Amino acid sequence: AVVSTQSTGILAGILFYCLETEPSLKVHFTDHGDPYYAYIWWAQTCVTLFFSIDLALRAASWPKPKAFFKDPINVIDFLSLLPFYMQYLLEALHIGGDSHLLLSLGKLFRMIRVVRVVKFFKYFKEMFLILDFIVQAWKEIVLIICLTSMLLIIFGSILYNCEKEHNEKFYSIAQGFWWSLTTITTVGYGDISPVTWLGQLTGSILVIFSLVVLTLPMTIIITKFNYTYEAKKKIYQQSDPNFLDSEENSQEGEEGDEVEDEMPLDNTFWFNGKRYSIISCPT
């Protein structure tokens, strides 16, 4: 019940934060004379009080109180609650024009509410498999970032020099970087594009390069994810037999079962009779 209530509170807080930015609904959140203002205020207050009590109870029961705010989740919860109390404190103290900086800071903290969604990770153990994989494949992820940055800088600069005299949209190299990024990722918004034949040739070369350069690391990442998923799934199943319990394992043949029995519960896997490490050579 507590998990369901926390999930509902997180979603409600994010919903209020999003609806408050809608022009047609903003008056309901800001105008004290609006008929819906009281209902929205009480709903927001209940959500805030729930998370305030939750934070206070967790702080009181924390094994080492001095280390409570060393947990990033606790810091996020505290900062996301701070603007609510800050707003009413400023109103109670009748602070006027000098409060603009504080109110701006409060709005910045309110955006942290959205980060609360990461708390869903602790309710779904399957999500930890993704985190484990990111840790395992950090070298490949960094490789993709480096390759993308190289292509972005090189082709963004080239295109700027090709288009600056003929296309007013390429008024800086930074705009060339933006065009390169949308081209490399195959998004292609179309808000900015080359008009000269030399710029279009540069764009065509960039598309071909990006497909070749980014496809190879992605293949490695996908392969590593499959092996990491299977290895980590077995580790989690040891602590929780119902974790990711599927009927696929029970339907595998004897040959597949033998391979699985031999598969160690670490970052290694078997392939063609040889044991491989996730990041090492065959043994």
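Residues numbered from 1 in each chain as written. Predicted model: local features only at pLDDT ≥ 70, side-chain atom pairs only at ≥ 80, totals over all residues. Heavy atoms only, no water.

## Overview of the overall build of the chain
Secondary structure assignment for the chain yields ten helices and two strands. In sequence order, the chain lays out its α and β elements as α-α-α-α-α-α-α-α-α-α-β-β. Counting only residues that meet the buried cut, the chain has 32% of its 283 residues in that class. Put simply, 61% of the contacts in the chain that link residues at least 6 apart link residues at least 24 apart. About 18,300 Å² of surface is accessible on the chain, with carbon and sulfur atoms providing 67% of the total. (Helix = DSSP H or I, 4+ residues; strand = E, 2+ residues; numbered from the N terminus. Buried < 20%, exposed > 50% of the residue type's maximum accessible area, 1.4 Å probe, protein only. Contact = heavy atoms within 4.5 Å. Areas by Shrake-Rupley, 256 points an atom, 1.4 Å probe, with all protein chains shown as cover.)

## Concerning the confidence of the model for the chain
For the chain, per-residue confidence averages 75 on the pLDDT scale, and residues scoring 70 or more make up 71% of the total. Note that pLDDT drops below 50 for residues 246-266; the model gives that stretch 20 contacts with residues more than four away or on any other chain. Counting interchain partners and residues more than four positions distant, the pLDDT-below-50 stretch residues 278-283 has twelve contacts. (pLDDT = per-residue confidence, 0-100.)

## Here we look at the pattern of salt bridges
Applying the stated rule across the entire model yields three salt bridges. Its salt-bridge partner being Asp77, residue Arg58 comes within 2.6 Å of it at the nearest N-O pair. One end of the pair, Arg58, is in helix 3 (residues 37-60); the other, Asp77, is in helix 4 (residues 72-92), and 19 residues separate them in sequence. Judged by its relative accessible area of 3%, Asp77 is buried. Here Glu140 makes a salt bridge to Lys224, at a shortest N to O gap of 3.1 Å. Taken as a pair, Glu140 in helix 7 (residues 138-163) and Lys224 in helix 9 (residues 197-239) lie far apart in primary sequence, 84 residues in all. Lys224 shares its class with Glu140; the two are buried. One salt-bridge network, held together by shared partners, links Asp54, Arg58 and Asp77. (Salt bridge = Lys/Arg side-chain N within 4 Å of Asp/Glu carboxyl O.)

## Focus on a nonpolar patch on the surface
Together, Phe128, Ile130, Leu131, Ile134, Ile141 and Ile145 line one region of the surface with nonpolar side chains, adding up to about 470 Å² of accessible area. Where the nonpolar patch is concerned, the elements lending two or more residues are helix 6 (126-136) and helix 7. If one sorts the elements of the nonpolar patch by residue count, helix 6 sits on top with four residues. Locating Ile130 in the fold gives a position in helix 6. Under the relative-accessibility criterion, Ile130 is labelled partly exposed at 40%. (Patch = residues over 30% accessible without salt bridge, like charges linked within 9 Å, V, L, I, M, F, W, Y side chains within 5 Å.)

## Observations regarding the side chain of Asn74
Tracing the backbone shows Asn74 in helix 4. Under the relative-accessibility criterion, Asn74 is labelled buried at 1%. At a separation of 2.4 Å, a polar atom in the side chain of Asn74 contacts the side chain of Arg58. When near neighbours in sequence (up to four residues on either side) are disregarded, Asn74 contacts Leu55, Arg58, Trp62, Phe68 and Phe69. (Polar contact = N/O pair within 3.5 Å; in protein donor to acceptor, adjacent residues only side chain to side chain.)

## Overview of the environment of Cys162
Looking at where Cys162 falls in the secondary structure, it is placed in helix 7. The exposure class of Cys162 is buried, given its relative accessible area of 16%. Through-space distance from the C-alpha of Cys162 to that of Thr196 is 7.5 Å; in sequence the pair is 34 residues apart. Sequence-distant contacts of Cys162, defined by excluding residues within four places in its chain, comprise Thr196, Leu198, Gly199 and Thr202.

## Observations regarding unusual backbone geometry
Among all residues except glycine, the phi angle is most often negative; among peptide bonds, the trans geometry is most common. Of note, the phi angle at Thr186 is positive, near 60°, even though the residue is not glycine. Its location among the elements puts Thr186 in the loop between helix 8 (173-184) and helix 9.

## Structural notes on the packing of aromatic side chains
Overall, the coordinates contain six aromatic pairs when judged by the stated rule. Between Trp62 and Phe68 the ring centres are 5.1 Å apart and the planes differ by 90°, which places this aromatic pair in the edge-to-face class. Aromatic side chains Phe68 and Phe69 sit 5.1 Å apart centroid to centroid with 80° between the ring planes, which places their arrangement in the edge-to-face category. Accessibility expressed as a relative area gives 46% for Phe69, which makes it partly exposed. Site record: aromatic cluster; members linked through ring pairs are Trp62, Phe68, Phe69 and Phe78. (Phe/Tyr/Trp six-rings, centres within 6.5 Å; stacked < 30°, edge-to-face > 60°.)

## Side note on the side chain of Ser210
Note on placement: Ser210 falls in helix 9. The contact partners of Ser210, leaving out residues within four places of it in the chain, are Leu151, Thr183, Ile184 and Thr215.

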